[in-house]
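Understanding the architecture of this molecule
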Amino acid sequence: MHHAHIIPLVLFLAFITTSTGKAATQHAWRVQQLHKDNNEGVAVGDINGDGKLDITSGEFWYQAPDFKQRPLRKILPFGADYMQNNSEHLYDMDGDGDLDVLSGAFTLKNVDWFENPGEGNYAKGLWSVHQLVDTGTGYNEATFLHDIDGDGTPEFIENSWNPKNAMQIFRLVRAEDGSVSASKHVVSKSGNGHGMGFGDLNGDGRRDIVFQSGWYEQPSSGPFSGTWEYHHDFDLPHASCPILILDLNKDGRNDLIWSDGHSYGLYWQEQLTPQADGTIIWRQHLIDKSFSQGHSLAWDDVDNDGHNELITGKRYYAHSGNDAGAHDDMTIQYYKWVTETGTWTKHIISTAPAGEGPGIGLQIRVHDLDGDGLKDIVVPGKSGTHILWNEGK
């Protein structure tokens, strides 16, 4: 059943820390609910080849420009309030030139993709399903498509909340007929953990993997040359998916931004001058502790000032209502980094009683959906799939 309604919401500006105390020009946002179910994955791309950005979210896709709901697949429910979709990605899996849906699941070992039937065939029902790979591991927090070796083809990487699970990368290999298969590379036979991010931590120009309990250093001989060296330099409890890796304070060393996905706390870890033996040391800074379950983060420019902002919010019922702050009001917000003062300003995008408005689910997608030059935000979650329309100042 299709549910769509539009609620006008006006942005207001709040400060966590600021050196000036001056308010900025207000920014307006409008919330549109596409559907309400327990799906927590979402992707954005041109599904039907008409040049407009569509949305896939769980069992449906939404056709631009009016985002009409259309069937895509069926997803198994499990637990008290979950569906077997912890993330979805758009990628041409069969070489026919259109985007298919590649999906991860919480407790299943199989990674499936759903074949885009192509223009003229969308009214025929559900998309055909194919198995990409049996990973051999369940207990998956999220999955990522990330180009770990910089060759232009992304790899498929699972993040597991079970620390005994292997850390592994699946290379997407395209055959001559256009079809994609997966080739497994083991980063570490065990040693996974809640939350994941990708970036160069030690300044050697290679992309490393960060997770809850430290980081894996990419070998100098390449990411698929062998196992990776583990560094237990920090612990990030129930870290977000993703953990962001970027040089915030412009000192030439990459820092981390992460949130506690199951309690209160949004932080950045400042990378300090390494010790004489090369050991990396960190200083933790609190960004915000006023909201809980900031399970996903995004880093993009939503106010058109040429600088990226940190986008996050509350995931609704991340552990079926058993997390700290589960019944607090839901918020989605962004934070502007002020380089000169090393502080953040907080900007509320939407707020609503628990379960009655948008939450961040497990993925946040940022795209200019309507071509007006302003980036909009799409979020799934147990309170529904929503578009947050950016209406500017």
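Residues numbered from 1 in each chain as written. Predicted model: local features only at pLDDT ≥ 70, side-chain atom pairs only at ≥ 80, totals over all residues. Heavy atoms only, no water.

Some details on the overall build of the protein chain
For the protein chain, the count of helices and strands is zero helices and 32 strands. For 393 residues, the compact-globule estimate of 2.2 N^0.38 gives 21 Å, and the protein chain sits close to it at 20 Å. Expressed as lengths along the three principal axes of its C-alpha atoms, the size of the protein chain is roughly 65 × 50 × 40 Å. Carbon together with sulfur atoms contributes 49% to the accessible area of the protein chain, which is approximately 15600 Å² in total. Between the averaged position of the 29 positive side-chain charges in the protein chain and that of its 55 negative side-chain charges there is a distance of 3 Å. (Helix = DSSP H or I, 4+ residues; strand = E, 2+ residues; numbered from the N terminus. Rg over C-alpha atoms; globule rule 2.2 N^0.38 Å. Areas by Shrake-Rupley, 256 points an atom, 1.4 Å probe, with all protein chains shown as cover. Lys, Arg positive; Asp, Glu negative; His and termini not counted. Charge placed at Lys NZ, Arg CZ, Asp CG, Glu CD.)

A closer look at the pattern of salt bridges
Here the structure, examined in full by the defined rule, presents twelve salt bridges. For Asp81, the salt bridge is made with Lys382, and the minimal N-O distance between the two is 3.0 Å. Note that Asp81 is positioned in the loop between β8 (77-78) and β9 (82-83) and Lys382 in the loop between β31 (376-379) and β32 (385-390), a separation of 301 residues in sequence. Its relative accessible area of 6% is what places Lys382 among the buried residues. The closest approach of N and O atoms between Asp303 and Lys336, which form a salt bridge, is 2.9 Å. Taken together, the residues Asp303 in the loop between β26 (298-300) and β27 (309-313) and Lys336 in strand β28 (residues 330-338) connect sequence positions 33 residues apart. On the accessibility criterion, Lys336 (18% relative accessible area) is buried. Through salt bridges with shared partners, a single network forms among Asp303, Asp305, Glu309 and Lys336. (Salt bridge = Lys/Arg side-chain N within 4 Å of Asp/Glu carboxyl O. Buried < 20%, exposed > 50% of the residue type's maximum accessible area, 1.4 Å probe, protein only.)

Points about the sheet that holds strand β4 (residues 43-45)
Within a sheet, each strand pairs with its neighbour through backbone hydrogen bonds, oriented either parallel or antiparallel. The four strands are arranged β4-β5-β6-β7 in an open sheet whose pairing can be described as antiparallel. In this open sheet, the two edge strands, each paired with only one partner strand, are β4 and β7 (68-71). In this sheet, adjacent strand axes meet at a mean angle of 25° when their direction is disregarded. As defined by bridge partners, strand β5 (residues 54-57) adjoins strand β6 (residues 60-63) across three bridges and the pair is classed as antiparallel. Note on β6: the bridge partner recorded for Thr56 is Trp61. (Pairing = 2+ DSSP bridges. Axes fitted to C-alpha atoms, helices over the stretch in contact; angles between N-to-C directions.)

Here's the deal with the layout of surface pockets
By volume, the largest pocket is sized at about 720 Å³. In terms of lining, the largest pocket is formed by 27 residues, of which the most central are Phe144, Leu145, Pro242, Ile364 and Arg365. Looking at which element gives the most residues to the lining of the largest pocket, the answer is strand β14 (residues 140-146), with five residues. Broken down by class, the residue content of the lining of the largest pocket amounts to 19 nonpolar, seven polar and one charged. (1 Å grid on protein atoms, 1.4 Å probe; cavity = no way out; pocket = protein on both sides within 12 Å on 5 of 7 lines; lining within 4 Å. Points joined across faces, edges and corners; volume = space filled by probe spheres on them. Nonpolar A, V, L, I, M, F, W, Y, C, P; charged D, E, K, R; others polar.)

Here we look at the sheet that holds strand β24 (residues 264-271)
Pairing is antiparallel across the open sheet formed by four strands, whose spatial order is β22-β23-β24-β25. Two strands in the sheet have a free side with no partner beyond their single neighbour: β22 (244-246) and β25 (282-292). Each adjacent strand pair in this sheet contributes to an overall mean axis angle of 15°, direction not counted.

Considering empty space enclosed by the protein
Taken as a whole and assessed by the stated rule, the structure comprises one cavity of 30 Å³ or more. Considering only enclosed or pocket space, the largest cavity measures out at about 40 Å³ in volume. Around the largest cavity, the lining residues are Thr137, Asn140, Glu158, Ser160, Asn165, Ala166, Gln168 and Asn192. Tallied by class, residues from the lining of the largest cavity come to one nonpolar, six polar and one charged.

With respect to the side chain of Lys346
Topologically, Lys346 is positioned in strand β29 (residues 343-352). For Lys346, the side chain forms a polar contact with the side chain of Asp288, separated by 2.8 Å. (Polar contact = N/O pair within 3.5 Å; in protein donor to acceptor, adjacent residues only side chain to side chain.)

Description of the packing of aromatic side chains
A complete count under the given rule lists 17 aromatic pairs for this structure. Considering the side-chain rings of Tyr139 and Trp161, the 5.8 Å spacing of their centres and the 70° angle between planes classify their relative orientation as edge-to-face. Of this pair, Tyr139 sits in the loop between β13 (128-134) and β14 while Trp161 is found in the loop between β15 (155-160) and β16 (167-174), placing the two residues 22 residues apart along the sequence. Each residue in the set Trp61, Tyr122 and Trp127 is aromatic and connected to the rest through ring pairs, giving one cluster. (Phe/Tyr/Trp six-rings, centres within 6.5 Å; stacked < 30°, edge-to-face > 60°.)

Section: unusual backbone geometry
Geometrically, the link from Ala64 to Pro65 is a cis peptide bond, its omega value of 5° lying close to zero. With respect to the helices, strands and loops of the structure, Pro65 is situated in the loop between β6 and β7. The step from Cys241 to Pro242 runs through a cis peptide bond, and the omega angle for that step is 10°. With respect to the helices and strands, the residue Pro242 is situated in the loop between β21 (229-231) and β22. A positive phi is found at Tyr139, a non-glycine position, where the angle reads about 60°. Under the relative-accessibility criterion, Tyr139 is labelled partly exposed at 44%. Even without being a glycine, Lys250 presents a positive backbone phi close to 55°. Position of Lys250 relative to the elements: it lies in the loop between β22 and β23 (255-259). When its relative accessible area of 63% is taken as the criterion, Lys250 is described as exposed.

Brief notes about the confidence of the model for the protein chain
When pLDDT is averaged across the protein chain, the result is 93; 94% of the residues are at 70 or more. Scored below 50 in pLDDT, residues 1-23 makes 62 contacts in the model with residues more than four places away or belonging to other chains. (pLDDT = per-residue confidence, 0-100. Contact = heavy atoms within 4.5 Å.)

Regarding the side chain of Asp323
Looking at the element boundaries, Asp323 is found in the loop between β27 and β28. Although Asp323 is buried, it forms no salt bridge, and the closest oppositely charged side chain is Arg315 at an N-O distance of 6.5 Å. Reaching out from Asp323, the side chain makes a polar contact with the side chain of His262 at a distance of 2.7 Å. Apart from the residues within four sequence positions on either side, Asp323 is in contact with Gly261, His262, Gln293 and Ala318.

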